[in-house]
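# Overview (structure and organization)
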Amino acid sequence: LREKRMQNGALSLASPEVKFEVQNETNDVTDVKLYEVRETNKMVEEFMLLANIEVAKRILQQFPKCSMLRRHPRPTAEMFEPLVRTAANYNIPLDISSSKTLNDSLEQVEQKYRKTDPYLSTLLRILTTRCMTQAVYFSSGEISQDEYLHYGLATPVYTHFTSPIRRYADVIVHRQLQACIGYSALPLDLYDSKRMNSLAQQINERHKSAQQASRGSIALHTTMLFRDKTLVEEGRILRVQKNGLVVLIPKYGLEGIVLLDEKLSPQLDKDAQLVKLSTGKEFRVMSKVKVKVTVDSNP
């Protein structure tokens, strides 16, 4: 199933997901690790994706004007421009003409740098993810069918069906599928495309809020973990700014800003994706840096 998806042009992307270990008695945070994806997780994911796609087809056939679907807009060339520039600075060609050619390019990077820099491919996939807009829910009657596309999954139609215990969109899709198979009637208000689209927009907003809450939780637990520690770890530069670097620490999956000393007159070169100091030292996107990890005691 996975091989077939890849052949159809699905992207294999990445985002740093972390898991904190908390002591039961004291609630102290004792460790943080990257979330490990096992083969069983991948197998379950494939069946979930297949179920979501097939259900999307079924409800769209029955309710062409009011199905709760999910789309991932195709990124523009301009959105990929920083990624392409960054890769080019490392003599890495990326073909962004389609999701399949992009994924093939990323796979080639993984094969080429597997021994010399095994994290480079993951880093490029993280940067690729950040070039794109987020997937969103919508009502099928509110946009043209060619906009239904889910770019990341390379499928013309998609929805969320498999997790009704934690997503309201899935509850609506379950109701629509139940009506399709004659199990129960669809509530009258769910036949209204604009009403359905309003629900979709509300769910999209709640999803953004949940993501913000998740980032806040990670920040809190990170502070609790490092409040009495000072560590020096290897990081990778995700983004350069005139006054600092956005650095990811692969060991922990943590991300933060490292400010540069203004006395060293940092100069930002957007085309080369680097910052140069008056000492001649350069910091380039994706390059390795040693950073001190500690909790900032300043208010």
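To keep things clear, this report deals only with the structure shown in the data block.

Let's shift gears to helix H5 (residues 120-130). With respect to burial, H5 is a largely interior element, eight of its 11 residues being buried. Listing the buried residues of H5 in full gives Leu120, Ser121, Leu123, Leu124, Arg125, Ile126, Leu127 and Thr128. For H5, the secondary structure elements touched by its buried residues are helix H3 (77-88), helix H4 (99-112), strand S5 (231-240) and strand S6 (244-249).

Before going further, it helps to spend a moment on H3. All buried positions along H3 are accounted for by Phe80, Leu83, Thr86 and Ala87. Down the axis of H3, the sector holding all buried residues measures 110°, keeping them to one side.

Tallied over the entire structure, the rule returns three aromatic pairs. When the centroid spacing of 5.7 Å and the interplanar angle of 75° are considered together, the rings of phenylalanine 63 and tyrosine 191 count as edge-to-face. Linking phenylalanine 63 in the loop between helix H2 (39-62) and strand S3 (68-71) with tyrosine 191 in the loop between helix H6 (168-180) and helix H7 (193-226), this pair joins segments that are 128 residues apart in sequence. Seen in terms of ring centroids, phenylalanine 138 and tyrosine 148 are 5.3 Å apart; in terms of plane orientation they differ by 45°. Their pairing is tilted. One end of the pair, phenylalanine 138, is in strand S4 (residues 136-139); the other, tyrosine 148, is in the loop between S4 and H6, and 10 residues separate them in sequence. Assigned by exposure class, phenylalanine 138 and tyrosine 148 land together as buried.

What counts as what
- Residues numbered from 1 in each chain as written.
- Predicted model: local features only at pLDDT ≥ 70, side-chain atom pairs only at ≥ 80, totals over all residues.
- Heavy atoms only, no water.
- Buried < 20%, exposed > 50% of the residue type's maximum accessible area, 1.4 Å probe, protein only.
- Helix = DSSP H or I, 4+ residues; strand = E, 2+ residues; numbered from the N terminus.
- Contact = heavy atoms within 4.5 Å.
- Arc of directions from axis to C-beta.
- Phe/Tyr/Trp six-rings, centres within 6.5 Å; stacked < 30°, edge-to-face > 60°.

Everything listed here is a matter of geometry and, on its own, says nothing about what the molecule does.
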